[in-house]
Amino acid sequence: MTVSRPPSLEGLSLRLSGWKGQAEHRWPGRQIIGIVNGAAVGHVEFHLHPEGRALEVGFLEVVDGFGRRGLASLLMDALYEAHPDAWVNHGRRTEEGTKWWSRYRDPAPERNIHNRPPGEWAAYYRAPRVAGDRANNAHWNDHYCVDGHRAAEYRYGARLESEFQSYEQYYVPQLDTPRADPARQSLHAGDLVMLRPGLHRYVHDPTRPAADRAHALLDHIGHGNLPRKGAHTGFWNTTAQGAFDDVLHMQLFQDVPFPAPATHVVFHALPLQTDIDEPPRHKSAETYIEYVDAEDVSVQLAGLSWRDGTAPRTVHHALFDPPVDAAVAPEYPQAATPHYRAIYDELGERRTDEPAAQTPFAERAEEIRARSEQVMGDIAARSLSVRPPQPRPPGEGHTQPPLPPSGPAGPRPG
């Protein structure tokens with residue numbers, strides 16, 4: 001992005017990435033993150049129409065220590081620049097957001113739906129809800145005695161609620177876009193782990209067999225300790241890059257820097273069994289799912305990918321042949337199924353007295369092996385197609401990883 005940076009924000013880089021806000025939202029989530037010295041210092045989250053025609057701001061935040069430097073305005077300017085043809089709905093502002101908005105210079109007020117009649121944008125947003133947001137914003141403007149750019153807002157003859165209600169019929173609540181399906185797709189989840197120095201050196205040593213390193217990494221994590229949904233990780237993505245993005249976000253938004261390099265791990269799971277009566281309950285978005293029940297979820301791992309958090313362009317891959325039985329950890333020990341408790345202890349590690357019983361996936365061994373080879377082959381091919389980084393002159397500042405490709409995606413700006 002080419003947004004100019006105020007002098008007090010030199011060293012800032014911007015990253016346009018995915019955001020897992022609400023899986024049920026009709027539009028995928030995106031975010032722009034401001035980064036200084038490898039840490040996130042602010043971000044703006046939004047949902048974007050799949051064809052880029054409209055967006056809805058969900059949250060705008062600047063961390064302590066970076067306020068009053070123009071960072072919030074820079075992030076919003078970057079949002080406008082990234083999507084130059086989209087309608088923009090700023091939604092319902094908070095108390096702090098009201099004060100900021102009154103100081104902010106809207107770079108494209110003609111695309112702000114609060115400034116335009118509902119007939120122009122009613123297919124993308126619920127007009128009565130927009131009317132309610134505007135009423136809320138007007139209240140805070142009066143409460144704090146700020147202007148809030150009220151002169152630019154759309155004026156109307158009838159009462160706002162009455163006029164906007166008439167446009168409810170034009171709203172398109174759902175788009176015909178596919179949703180992720182764990183029974184039909186291979187999915188990928190990321191996690192961030194801290195390893196002992198010796199193990200860290202071993203798993204990142206390319207001279208050692210990749211499969212051995214992958215098994216050592218999985219043994220350390222625990223076969224029954226695959227990540228559950230958290231603030232950034234535990235989502236099961238349709239692409240491995242989406243999982244790596246989740247782990248990077250977890251690292252960027254850490255409150256305290258790590259004392260040693262972290263390892264980014266991505267688990268590659270094969271499609272779930274299709275012959276089970278009730279698949280695990282989950283919420284599906286366009287590019288990921290999240291499991292919603294507290295109990296564990298059995299999966300088959302086709303392989304692992306991992307990288308050093310300080311060298312994200314070097315990615316290691318390993319294929320499991322045969323695939324490995326594993327499980328998403330239960331939310332708490334009491335939620336574990338009898339099958340899980342028979343195989344794993346409360347730390348998610350395999351019990352040493354585990355019986356050599358046939359796994360529930362044994363009858364699909366050949367199918368699973370073929371799918372594993374296909375998944376890992378695709379991942380390895382994409383990695384080889386990435387150009388290696390060019391050498392930097394001595395003393396040049398640290399740069400962030402390249403932006404991921406554009407593609408799919410609460411509280412209001414504050």
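Because the structure is a prediction, the values reported are computed rather than measured. (Residues numbered from 1 in each chain as written. Predicted model: local features only at pLDDT ≥ 70, side-chain atom pairs only at ≥ 80, totals over all residues. Heavy atoms only, no water.)

As a further point, take the pairing of strand 12 (residues 315-328). Note: strand 11 (residues 297-308) against strand 12, 10 bridges, orientation antiparallel. Across the sheet, residue Ser 298 finds its bridge partner in strand 12, namely Ala 327. Here strand 11 folds back onto strand 12, and the loop between the two strands holds six residues. (Pairing = 2+ DSSP bridges. Helix = DSSP H or I, 4+ residues; strand = E, 2+ residues; numbered from the N terminus.)

Time to look at unusual backbone geometry. Cis geometry marks the peptide bond from Asp 321 to Pro 322; its omega dihedral reads 5 degrees. Inspection of the secondary structure puts Pro 322 in strand 12. One non-glycine residue, Asn 37, adopts positive backbone phi at about 55 degrees. Inspection of the secondary structure puts Asn 37 in the loop between strand 2 (29-36) and strand 3 (39-48). According to the relative accessible area criterion, Asn 37 is exposed, its value standing at 77%. Positive phi is not limited to glycine here, since Cys 145 has a value of about 55 degrees. You can see Cys 145 is positioned in the loop between helix 3 (127-143) and helix 4 (160-165). (Buried < 20%, exposed > 50% of the residue type's maximum accessible area, 1.4 Å probe, protein only.)

Counted under the stated rule, the structure contains 13 salt bridges. As a salt-bridge pair, Lys 20 and Asp 246 come within 2.8 Å of each other at their nearest N and O atoms. Taken together, the positions of Lys 20 in the loop between strand 1 (13-18) and strand 2 and Asp 246 in helix 7 (residues 240-252) put the pair 226 residues apart, joining distant regions of the chain. Arg 126 serves as the salt-bridge partner of Glu 168, at 2.6 Å between the closest nitrogen and oxygen. Of the two residues, Glu 168 sits in the loop between helix 4 and strand 6 (187-193) while Arg 126 sits in the loop between helix 2 (95-103) and helix 3, which places them 42 residues apart along the sequence. (Salt bridge = Lys/Arg side-chain N within 4 Å of Asp/Glu carboxyl O.)

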